[in-house]
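Structure assessment
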Amino acid sequence: QVQLVESGGGLVQAGGSLRLSCAASGIIFSIDTMGWYRQAPGKQRELVARSTSGGSTSYSDFVKGRFTISRDNAKNTVYLQMNSRKPADTAVYYCAARAVVSLAFPGKDYWGQGTQVTVSS
């Protein structure tokens, strides 16, 4: 099984910056896409950003250039740099990864437990 552990969440004031980290561990043959999602109370989970193993990135429009996703493939870690935080960014942020654990099976999506990010005004 693949385990994803998020870290870096917490409380930050509006306009501040925060960096989230997610490290994947376990028996992993390869990791394809890693990304960040978030879920606010009463809302469905939504995509924030994702990155492929080749370095391609994509972002949701609402980040407006404020967030940056990056990866360290050697460490199986993905980061999310969040600048100019807004109260609307308050949510539980989840790390996700599509990983192949065996060549006999296709890739499967794995999810972290989530980390709370609160932006105060």
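Everything here concerns the structure above.
Since we're looking at a predicted model, the values are computed, not measured. (Residues numbered from 1 in each chain as written. Predicted model: local features only at pLDDT ≥ 70, side-chain atom pairs only at ≥ 80, totals over all residues. Heavy atoms only, no water.)

Scanning the chain from terminus to terminus reveals 0 helices and 11 strands. Secondary structure elements of the chain occur, N-terminal to C-terminal, as β-β-β-β-β-β-β-β-β-β-β. A compact globule built from 121 residues would reach a C-alpha radius of gyration of about 14 Å, and the chain, at 14 Å, matches this within 12%. Based on the C-alpha atoms only, the size of the chain along its principal axes is roughly 50 × 25 × 20 Å. Within the chain, buried positions represent 36% of all 121 residues. Of all intrachain contacts in the chain linking residues separated by at least 6 positions in sequence, the fraction that spans at least 24 positions is 55%. Total accessible area on the chain is roughly 6,700 Å²; 49% of this is exposed by carbon and sulfur atoms. (Helix = DSSP H or I, 4+ residues; strand = E, 2+ residues; numbered from the N terminus. Rg over C-alpha atoms; globule rule 2.2 N^0.38 Å. Buried < 20%, exposed > 50% of the residue type's maximum accessible area, 1.4 Å probe, protein only. Contact = heavy atoms within 4.5 Å. Areas by Shrake-Rupley, 256 points an atom, 1.4 Å probe, with all protein chains shown as cover.)

This part takes up the environment of Gly 10. Counting through the fold element by element, Gly 10 comes out in strand β2 (residues 10-13). For the pair formed by Gly 10 and Leu 20, sequence separation is 10 residues and the distance between their alpha carbons is 9.6 Å. Residues in contact with Gly 10, not counting those within four places in the same chain, are Leu 18, Gln 116, Val 117 and Thr 118.

Under the defined criterion, the tally for this structure stands at 1 aromatic pair. Above the ring of Tyr 94, the side-chain terminus of Arg 45 is found at 4.0 Å from the ring centroid. In this structure, Arg 45 is placed above the aromatic ring of Trp 111, and the distance from its NZ or CZ to the ring centre is 4.6 Å. (Phe/Tyr/Trp six-rings, centres within 6.5 Å; stacked < 30°, edge-to-face > 60°. Lys NZ or Arg CZ within 6 Å of the ring centre and 35° of its normal.)

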